[in-house]
Amino acid sequence: MKLADVRRSYAMPITNPAYPPGPYRFYDREYLIVTYRTDMDALRAVVPEPLEVTEPLVKYEFIRMPDSTGFGDYTESGQVIPVSLDGQHGVYVHSMFLDDDAPIAGGREIWGFPKELANPKIVHEGEVIIGKLHYGSVLCAVMSMGYKHRPVDHDVIAKSLAAPNFLVKVIPHVDATPRICELVQYGLEDVVVKGAWESQVDLELFRHTICDVAKLPVLEVVSSVHFIADLTLGLGKVVHDYMADPA
């Protein structure tokens, strides 16, 4: 393999990358999101500067992705936190657990998504929708939501999806010291909301040493939303370089 061929590589392994190059389009992406109130000190302990926590809220998500270009068919679960950066409101992606290798590798390497291998499921059981997250044999999260009780304005969902998303991307050097440490911003593009509903909901989180979603405890359930949309996962940009910041 020539030097120029190596330079043209975009992912590992260089002869058979774990994922194809984007863009990545998602069809019929199904979201179950519970917004809950949590401990403000717990939030401040996990949200990195220069992001600011705006209120003691967490959005717990189950996302079913049956058809995504390049990444296939998989399910994801995790927590995002409402934040602001220089007065701009968005969300910080705190944790993500999923069951497919390609989006784990691509998400971590391209954007810096905090993706880990686990076993989330969304199951429709009669008049309710159940979301469960297992890490190995251990149940870490369970959500139960009524099935399509009240419609939600599609424009409200589209506006929420248009907000910026923030991540911390860390890539180590070969001596295990940080080589890249950046705050990344990305967005969702070409969004088509196909249906949206709100319903009564309950959420329980359980302690686990690795899948530590319960470190942001549920103090009060605030709201829920269930929606289906097509969208494209936009590429990111660096908004803060921690390696260049002497602080």
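Residues numbered from 1 in each chain as written. Predicted model: local features only at pLDDT ≥ 70, side-chain atom pairs only at ≥ 80, totals over all residues. Heavy atoms only, no water.

The name an unreviewed UniProt entry assigns to the protein chain is Acetoacetate decarboxylase, from the organism Chenggangzhangella methanolivorans. Quoted verbatim from the Function (unreviewed entry) heading of the UniProt record, the comment on the protein chain is "Catalyzes the conversion of acetoacetate to acetone and carbon dioxide." Per UniProt, the protein chain carries the Catalytic activity (unreviewed entry) text "acetoacetate + H(+) = acetone + CO2". (UniProt positions renumbered as here; feature names shortened; annotations may be inferred.)

**Considering a nonpolar patch on the surface**
Taken together, the side chains of Met1, Val6 and Ile14 make up a nonpolar region of the molecular surface, amounting to roughly 290 Å² of accessible area. Locating Val6 in the fold gives a position in helix α1 (residues 3–7). Looking at Val6, the relative accessible area reads 40%, which means it is partly exposed. (Patch = residues over 30% accessible without salt bridge, like charges linked within 9 Å, V, L, I, M, F, W, Y side chains within 5 Å. Areas by Shrake-Rupley, 256 points an atom, 1.4 Å probe, with all protein chains shown as cover. Salt bridge = Lys/Arg side-chain N within 4 Å of Asp/Glu carboxyl O. Helix = DSSP H or I, 4+ residues; strand = E, 2+ residues; numbered from the N terminus. Buried < 20%, exposed > 50% of the residue type's maximum accessible area, 1.4 Å probe, protein only.)

**A short note on the environment of Gly72**
Structurally, Gly72 is set in strand β4 (residues 72–85). Apart from residues lying up to four places away in sequence, Gly72 is in contact with Met65, Pro66 and Asp67. (Contact = heavy atoms within 4.5 Å.)

**Remarks on the nonpolar core**
Residues Phe26, Tyr31, Phe113, Ile157, Tyr186 and Phe227 are the most contacted members of the largest nonpolar core, which totals 33 residues. Counting only elements with at least two residues in this core, the list comes to β1 (24–37), β3 (57–68), β4, β5 (88–98), α3 (101–111), α4 (154–161), β13 (188–198) and β15 (220–233). No other element matches the 5 residues that β15 contributes to this core. Those residues in contact with Phe113 that lie beyond four places of it in its chain are Val93, Met96, Gly107, Arg108, Leu167, Tyr186 and Leu233. Counting residues in each nonpolar core, the second largest holds 32 residues, with Cys140, Ala141, Leu205 and Val213 among its members. (Core = buried A, V, L, I, M, F, W, Y, C linked by side-chain atoms within 4.5 Å.)

**Considerations on the sheet that holds strand β8 (residues 128–135)**
Read across the sheet, 4 strands follow the order β7-β8-β9-β14 without closing on themselves; strand pairing throughout is antiparallel. Each end of this open sheet is capped by a strand with a single partner; those strands are β7 (119–125) and β14 (201–205). Strand-to-strand twist of the sheet, defined as the mean angle between neighbouring strand axes without regard to direction, takes the value 10°. Bridge analysis of strand β9 (residues 138–146) against β14 gives 5 bridges, and the strand direction is antiparallel. Its bridge partner lying in β14, Met145 is registered against Val201. (Pairing = 2+ DSSP bridges. Axes fitted to C-alpha atoms, helices over the stretch in contact; angles between N-to-C directions.)

**So, the packing of aromatic side chains**
For the structure shown, the criterion picks out 8 aromatic pairs. Each member of the aromatic cluster is reached from another via a ring pair, and the members are Tyr24, Phe71, Trp111, Phe113 and Tyr186. Over the ring of Phe26 we find Arg29; its NZ or CZ atom is 4.3 Å from the centre of that ring. When the ring centre of Phe113 is taken as reference, the NZ or CZ atom of Lys115 above it lies at 4.9 Å. (Phe/Tyr/Trp six-rings, centres within 6.5 Å; stacked < 30°, edge-to-face > 60°. Lys NZ or Arg CZ within 6 Å of the ring centre and 35° of its normal.)

**What about the UniProt feature "active site" (unreviewed entry) in the protein chain?**
In the numbering adopted here, UniProt assigns the feature "active site" (unreviewed entry) to Lys115. Position of Lys115 among the secondary structure elements: in strand β6 (residues 115–117). Assessed through its relative accessible area of 6%, Lys115 is described here as buried. Residue contacts for Lys115: discarding those within four places in its chain leaves Glu76, Met96, Leu98, Pro103, Ile104, Gly107 and Arg108. Within the structure, Lys115 has its side chain in polar contact with the side chain of Glu76 (distance 2.6 Å). (Polar contact = N/O pair within 3.5 Å; in protein donor to acceptor, adjacent residues only side chain to side chain.)

**Quick look at empty space enclosed by the protein**
All chains considered together, the criterion is met by 1 cavity of 30 Å³ or more. In this structure, the largest cavity spans a volume of roughly 40 Å³. Contributing to the lining of the largest cavity are Glu61, Ile63, Glu76, Ser77, Gly78, Val80, Ser95 and Met96. Elements with a contribution of two residues or more to the lining of the largest cavity: β3, β4 and β5. The dominant element in the lining of the largest cavity, judged by the number of residues it contributes, is β4, at 4 residues. When the residues that make up the lining of the largest cavity are grouped by side-chain class, the tally is 3 nonpolar, 3 polar and 2 charged. (1 Å grid on protein atoms, 1.4 Å probe; cavity = no way out; pocket = protein on both sides within 12 Å on 5 of 7 lines; lining within 4 Å. Points joined across faces, edges and corners; volume = space filled by probe spheres on them. Nonpolar A, V, L, I, M, F, W, Y, C, P; charged D, E, K, R; others polar.)

**Some points on the layout of surface pockets**
In this structure, the largest pocket occupies an estimated 920 Å³ of space. Along the walls of the largest pocket sit 44 residues, with Lys59, Glu61, Val91, Ser160 and Leu161 positioned nearest its centre. Of all the elements in the fold, those that place two or more residues in the lining of the largest pocket are β1, β3, β4, β5, α3, α4, β13 and β15. As for the second largest pocket, its lining consists of 13 residues, of which Arg108, Glu109, Val170, Ile171 and Pro172 are closest to the centre. When residues of the lining of the second largest pocket are traced back to their parent elements, those giving at least two are α3 and β11 (165–172). Ranked by the residues each element gives to the lining of the second largest pocket, the list is headed by β11, at 5 residues.

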